[in-house]
Each structure stands twice: as C-alpha cells, then as structure tokens.
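# Structural features, examined
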Amino acid sequence: MDTITRDTAVKWDQNDPLRAFKDEFYTKPSQYYMDGNSLGLLSKRAESTLLQSLADWKEHGIEGWTEGKQPWFYMSEKLGEMTAPLVGASPHEVINTGSITTNLHQLLSTFFKPEGNRTKILADALNFPSDIYALKSQLELHNLSPEEHLIQVESKDGTTLAEDDIINALHSEVALLLLPSVLYRSGQLLDIERITKAAHEHGIIVGFDLAHSIGALPHHLHDWGVDFAVWCTYKYLNSGPGGVGGLYVHEKHLGQSPGLAGWFSSKKEKQFDMDHTLTPAETASAFQIGTPHILSSAPLLGSLEIFHEAGIENVRKKSLELTQLLMDLVHQELKSFDFQLTNPLEDDRRGGHVSLTHPEAASICKALKADGVIPDFRAPNVIRLAPIALYNSFTDVYDVMQILKSIMVEEKYKQYKNERGIIA
Ligand SMILES: *Cc1c(COP(=O)(O)O)cnc(C)c1O
C-alpha cells in the first residue's frame, strides 16, 4: 500500500461530495471531535427548529399544540415520518418518543408474552447494560427468574459475536430475541436480516437496538421482517443531550394495544374525548405514553433535514472511507505501540466507529483531550474514535492520528493517571 500523507487526505476532502455539510455544524477550529457516537454536535438547523418551538410557545401559548409553525401535537408523528427512510420503514411504523430504555420497556411489555414452555429471552453478553437491566426487570415482572430465563450468547474473543452462535442458541423455549445492530464497544455490525430470518423460523419475536447504527448506516427493517426496534437520537442523529428516542414496530403488529398505555397512545381524533376506554392509534403512535417532550424533540426536526439532503447511503459510504483511513493509519503510524484494532475490519461488518485497545487507554484519552482531540473511553482499555461523515473530514482523521502518534512517541500520556472519570 502507498504511504498515506496529509496531501492524500486533502485530496479526498476535495473530492468529498458531503464536505459542505461541515458548515452546518458548530465545530471548533481548534478541536477534533471524534465522539459523535456518544453525543453528536449541534447543527445550525437543529438550533433553529428548537428556537422555533420556543418562539411558537412565546407567540401562541397553549395554541402552540396545533397553531405553531411546528405544531406540537403532531411533532412525534412528523419526526417518525422523517426518520422512516433511515430505518427502512413506512411512516406509520415509526414514532419518536421516550428513550431507548423506556421504549424497550414499552415494547417488551407489548411483545414479550411468555406462554407454556416458551418463556425465555435471548440476548448477548456484550450489549449495553441498560438493555440487559430492562430485560431482567421485565422477566421479574412476569415472576420469571433472570438466571433461568435470560440467555446471553457469549463472545469467543471478548469483543465480537458470531452470528452462528446466536443462530445456534435459537430454540422453541425462546419467546423473544433482543440484540444491538452495532455493538457499542467493538463497533461490530450484525447481519440483522439473517438473524431475523433464522429467529422467525423458530417463531421468535425479534427486536433490535439501533443506538449505534441509526444515522450511521441504512437499514431495511420492514423488508428484513424485524418485529420492533428502538434507538436514541443524541448519538449519530445529533438531536442534543437527552434528545427524544425513537421506535419502530412492523406493520403486522400494528393495531394492538400497547403494553404500557397512556393518553398519547390514543388515536389522535379520540384523545380529547377523555374516555376511560383507550382507543389506541393504529400506527406506531400507540406506543407513546404521555405528553411528548417538545423541547427535546424539536432539534431533531432540523437535524433530520440534513440527513435527507445528504442521503444516508452517502453518509455510510463516507463513514466507511473515514474509518478505513483511520485503520490504515493505525497500521502505518502506530505499529510499534501496543494498540489493537478490535472492530471487524470488513465494510459489511463494522459500524461507524473504530475501537482501539491499549493497556494505557484511559491516560491516552486524557492526553488526546489535552491536545484538542475528543475521543471516547470505555473501561478498562477501549478508545473509541468515531469520525462523523457529516462534520469530520479526511484531514481531521489524518491529523488526529498524527496527534495520537506524537502522544505515544513523546510518552505524553504518562503524566496522567490511567483511570476513568465519572463519565466515560
Ligand atoms: C446509548 C445506549 C443506550 C442508552 O439508553 P437511553 O435510554 O437512551 O439512556 C442504551 N442502549 C444502547 C445499546 C446504547 O448504545
């Protein structure tokens, strides 16, 4: 392979069809932000739709629910419609509400129906803790012990899952399967379609957590037959801290009552009848519970416009090129140090971030921050770097790797403690 120089990266930037989108975001000239997989940056358009909702409140008071420029009563549905192309669903299969964990509770309450011998939930040993806590508490609500009824597929290498191991664990006692689309540490992208088909052959309901894939890569949830999915929007979708979550339910399951009902589960025309018998919406709207958090939803309106203009296929293409460049530079620049790439190397098996391990990962992350790079540390030894297609350039990736190299060569990390901070 030819040596990669800064000029190579500059040329890629010149030919990058998405390069103009960087100006849509509040980036800092002195900072390389590589943490968009934890909290995406603010865009001018997200700021403007948030300010619009405040202006609607200022101008219309309560009438803002129906009269504002962005009527609040329909905002969750509007966001669902705008999100549908990103997950490969019809607008009525998607709604924005809650958070990953609350949406998971809602959909487990709706779709986990233990019966006879079919009482188990299959998950994996590498998922984010909140998902596992939700699964365990749902089992307990059914008086089923998690020790016996939660099966977690183990990882052989500690960082990735083998689809074959998941498929081999499917059997007639499993009622529901929940997996992440992309693993939060290693960035492994699972074969959602293959796993879903195999689970359906055993009559198992299939849910996916898209936290680390939505906004990073395209999905075809409806065509793949996935039963339900949940996600957050503050990571790759740049909706801001605590931004509203989202969920998808396959059309074939629509029309049934939500496990956790509230007045926002209503058919919209009926909601203000104030009837004590719920008439649930016949769309994914039925899985809402209470009043939507408008000020945590409004930024997503602007943010999704950007995705529509950029095109998720283009975002994925550039994201793969950025992570490939990063990995190539690890090989070229960091060979003599103790780094290991633990994300899958193939395009169709990796998500939007690169996962580097090093025994001194915590102190290296502190040194990176001191030098203007915002990485993401996961204890005990993982450095996640997420070059974001919409606001990171090829030159950013090149510069970050030079900074990392200088930290290693000059041993700058040695002045920091190899411990994590309160948020990491
Ligand atoms: C980020 C993330 C969460 C966080 O859940 P919230 O309810 O939005 O706080 C849950 N699961 C996964 C896999 C995540 O990556």
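Here the structure is a predicted model, which is why all the values come from computation and not from measurement. Sequence order as written defines the numbering, with residues in each chain counted from 1. Two thresholds apply to this predicted model, a pLDDT of at least 70 for residue-level local features and 80 or more for giving and counting side-chain atom pairs, whereas whole-chain, interface and lining totals are computed over all residues. In computing side-chain values, all of the structure's heavy atoms are included and hydrogens and water are not.

### Let's talk about the packing of aromatic side chains
- Only Phe, Tyr and Trp rings are paired, with Trp represented by its six-membered ring, and only when their centres lie within 6.5 Å; those with planes under 30 degrees apart are stacked, over 60 edge-to-face, the remainder tilted. Taken as a whole and judged by the stated rule, the model has 12 aromatic pairs.
- Arranged with centres 6.4 Å apart and planes meeting at 50°, the rings of Tyr 33 and Tyr 391 form a pair that is tilted. Pair noted here: Tyr 33 is in strand β1 (residues 32-33) and Tyr 391 is in the loop between β13 (382-385) and α15 (394-409), with a separation of 358 residues, a long-range link. Accessibility classification places Tyr 33 together with Tyr 391 in one group, the buried group.
- On the numbers, 5.1 Å between centres and 75° between planes, the contact of Phe 73 with Tyr 74 is edge-to-face. Think of it this way: any DSSP run of H or I at least four residues long counts as a helix, any run of E at least two long counts as a strand, and we number them from the N terminus. Classification of residues uses two cut-offs on accessible area relative to the type maximum, computed with a 1.4 Å probe and protein chains only: under 20% is buried, over 50% is exposed, and between them is partly exposed.

### Quick look at the domain arrangement of the chain
- Domain assignment breaks the chain into domain 1 (6-30 + 312-415) and domain 2 (48-309).
- For the domain bounds, the source is a domain assignment made automatically or taken from a database. Computed over C-alpha atoms only, the centres of domain 1 and domain 2 are separated by 29 Å.
- Across the contact, 27 residues belong to domain 1 and 21 residues belong to domain 2.
- Across the domain 1/domain 2 interface, buried area totals approximately 2000 Å², and carbon plus sulfur atoms make up 59% of it. In what follows, a contact means two residues having at least one pair of non-hydrogen atoms within 4.5 Å. The buried area of a pairing is the accessible area, by a 1.4 Å probe, that goes missing from both parts when the two are put together, added over both.

### A look at the site of the ligand
- Whether a residue is near a molecule or strand depends on its heavy atoms: it is near if one of them lies within 4 Å of it. All residues adjacent to the ligand are Ser 99, Ile 100, Thr 101, Asn 127, Phe 128, Asp 131, Asp 209, Ala 211, His 212, Tyr 234 and Lys 235.
- We call two N or O atoms a polar contact when they sit within 3.5 Å, provided that within protein one can donate a hydrogen and the other can accept it, with sequence-adjacent residues counted only if both atoms are side-chain atoms. At 2.6 Å from an oxygen atom of the ligand is found a side-chain nitrogen or oxygen belonging to Thr 101.
- A distance of 2.5 Å separates an oxygen atom of the ligand from a polar atom in the side chain of Lys 235.
- Here the open area of atoms and residues is found with the Shrake-Rupley method and a 1.4 Å probe, where only the protein chains shown may cover a residue. Expressed as a share of its isolated accessible area of 390 Å², the protein-covered part of the ligand is 86%.

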